[in-house]
Amino acid sequence: MPGSGERAEREASPLFHIYELLDGHFGDLDWWPAKSPFEVIIGAILTQNTAWGNVEKAIGNLRDRQLISPEALVRLPEQELAELIRPSGYYRLKTKRLKSFLNFLFDLYQGDLAAMFARETGELRRELLQVNGVGEETADSILLYAGFQPVFVVDAYTRRIFSRHGIVAASASYGDIQSLVMEIMAPDVKMYNQFHALLVNTAKYFCRKKPVCSSCPLSALPGNLVTAP
C-alpha cells in the first residue's frame, strides 16, 4: 500500500487531475464492450485502422455463425473468415493477423486463454509482440481488457490530449507515455480501463483535430494551456 506521501504526490500530478475531471464528467464508461475475453481479442485486432462501428458489424457476423471461440475460429478457412470480417476493413490482412494469433495461442497454450493469461504479464507481453500484426497498443489492449492485467493502453488520442496539455512531448514514445501513467496512477485494472475510455471519449467529443476547448472538462485544469493541434 502506498504511504501518505506517495498518495499526496500522485494526487498532485496533472494526470490525476485529468482523471478526476474526466471521470466526474463522463462517469463509469464500462469499456471494453464484449461478451467474452476472446471477443475482446478479436476486437483488438479488428479495430486497427477502422472505426469501432465497423468492428461491431464484423463481430456480429462471427457471433451469428457461433464462431466466437478459439476452437471454432482456428478451423474456419481463411477465405470464409475474410468475408465475415469484411466490414472491419483491410479484411484480408486482418484475417492473417487473426490466424497468426490463433496459431500462437494453439502452439504455445493449446488454445487455452486461461493458461495464456496465467503467464507473467511482462513475459506474455513480449510473446504477444512477436505475433504478426500485434503491436504495443493491441498487445496491451489484450492484456488489460481480456486478461485483466494492470497495463495502461496508449493510443493516438492519449498522445493528442497529453501533448496538447503539456504532459508529454508530441514526439514521446509509446513506452514513455505508458511509463509516465503507470508511475503516477496506482496499478489498478479498473482505473486503467476507465482512464483509457475517458481519454477516448474526450478525444471523440472535445479534443478533436480541431479542438472544442470551451466546453471540454479539461478546461478546468489549473493553469490550463492547450497548445495548437
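The preceding data block contains the structure.
Residues numbered from 1 in each chain as written. Predicted model: local features only at pLDDT ≥ 70, side-chain atom pairs only at ≥ 80, totals over all residues. Heavy atoms only, no water.

### Some remarks on the pattern of salt bridges
Quick note on the threshold: Each salt bridge in this description consists of a side-chain nitrogen of Lys or Arg and a carboxyl oxygen of Asp or Glu lying within 4 Å of one another. Only DSSP runs of H or I reaching four residues or more are called helices, and only runs of E reaching two or more are called strands; each is numbered from the N terminus. Only protein chains enter the calculation, and the probe is 1.4 Å; a residue is then buried if its accessible area is under 20% of its type maximum, exposed if over 50%, and partly exposed in between.
Counting across every chain of the model gives 9 salt bridges. For R65, the salt bridge identified is with E80, shortest N-O distance 3.3 Å. Of this pair, R65 sits in the loop between α4 (52-64) and α5 (70-75) while E80 sits in helix α6 (residues 78-84), and the two are 15 residues apart along the sequence. Residue class for E80 comes out partly exposed when judged on its relative accessible area of 36%. Where R86 meets E83, a salt bridge forms, and the shortest distance between an N and an O atom there is 2.9 Å. Classification of E83 as partly exposed rests on a relative accessible area of 42%. The network of salt bridges with common partners includes R119, E123, R126 and E127.

### Brief notes about the packing of aromatic side chains
Filter applied, for reference: Within 6.5 Å between ring centres, the rings of Phe, Tyr and Trp (the latter by its six-membered ring) count as paired, and their orientation is classed by plane angle as stacked under 30 degrees, edge-to-face over 60, tilted in between.
All chains considered together, the criterion is met by 12 aromatic pairs. Relative to F104, the ring of F101 has its centre 5.9 Å away and its plane inclined at 50°; by these criteria the two rings are tilted. Linking F101 with F104, this pair stays in helix α7 (residues 91-109), spanning 3 residues, or about one helical turn. The same class applies to F101 as to F104, namely buried. Within the aromatic cluster, the residues linked to one another by ring pairs are Y19, F152, F162, Y192 and F195.

### Topic: the nonpolar core
Applied cut-off: By nonpolar core we mean a set of buried residues, namely Ala, Val, Leu, Ile, Met, Phe, Trp, Tyr and Cys, connected to one another through side-chain atoms within 4.5 Å. The criterion used for residue contact is that any of the two residues' heavy atoms lie within 4.5 Å.
I41, L73, F101, M116, L128, F162 and F195 are the most contacted members of the largest nonpolar core, which has 69 residues in total. Excluding its chain neighbours within four sequence positions, the residues that come into contact with F101 are F38, I41, I45, L113, M116, L128 and V131.

### Description of the layout of surface pockets
Gaps left between atoms show up when a probe the size of a water molecule is rolled over them. Our working rule: The way it works is a 1 Å grid over only the protein atoms, where trapped points that fit a 1.4 Å probe form a cavity and open points with protein on both sides within 12 Å along at least five of seven lines form a pocket, and then any residue with an atom within 4 Å of a point lines it. Grid points are joined across faces, edges and corners, and a volume is the space filled by probe spheres set on the points. Under the convention adopted here, Pro, Cys and the residues Ala, Val, Leu, Ile, Met, Phe, Trp and Tyr are nonpolar, Asp, Glu, Lys and Arg are charged, and Gly plus all remaining residues are polar.
Computed from the structure, the largest pocket encloses a volume of approximately 790 Å³. Along its surface, the largest pocket is lined by 25 residues, and W31, T47, D155, Y157 and V200 are the ones closest to its centre. The set of elements that each furnish at least two residues to the lining of the largest pocket consists of α10 (136-146), α11 (156-164) and α13 (189-205). Ranked by residues supplied to the lining of the largest pocket, first place goes to α13 with 6 residues. For the lining of the largest pocket, the per-class residue count stands at 11 nonpolar, 10 polar and 4 charged. By volume, the second largest pocket amounts to about 240 Å³. If you go around the second largest pocket, you meet 15 residues; those closest to its centre are D28, W31, K190, N193 and Q194. For the lining of the second largest pocket, the elements supplying multiple residues, two or more each, are α2 (14-26), α10 and α13. Of the residues in the lining of the second largest pocket, the class split is 8 nonpolar, 2 polar and 5 charged.

### Here we look at the environment of G60
Along the chain, the position of G60 falls in helix α4. Given the relative accessible area of 16%, G60 is considered buried. Taking the C-alpha atoms as reference points, G60 and I85, 25 residues apart in sequence, are found 9.1 Å from one another.

### Considerations on the environment of D30
Here D30 is to be found in the loop between α2 and α3 (37-46). Taking the relative accessible area as the measure of exposure, D30 reaches 64% and is therefore exposed. Expressed as a C-alpha distance, the spacing of D30 and V55, which sit 25 residues apart in the sequence, is 18 Å.

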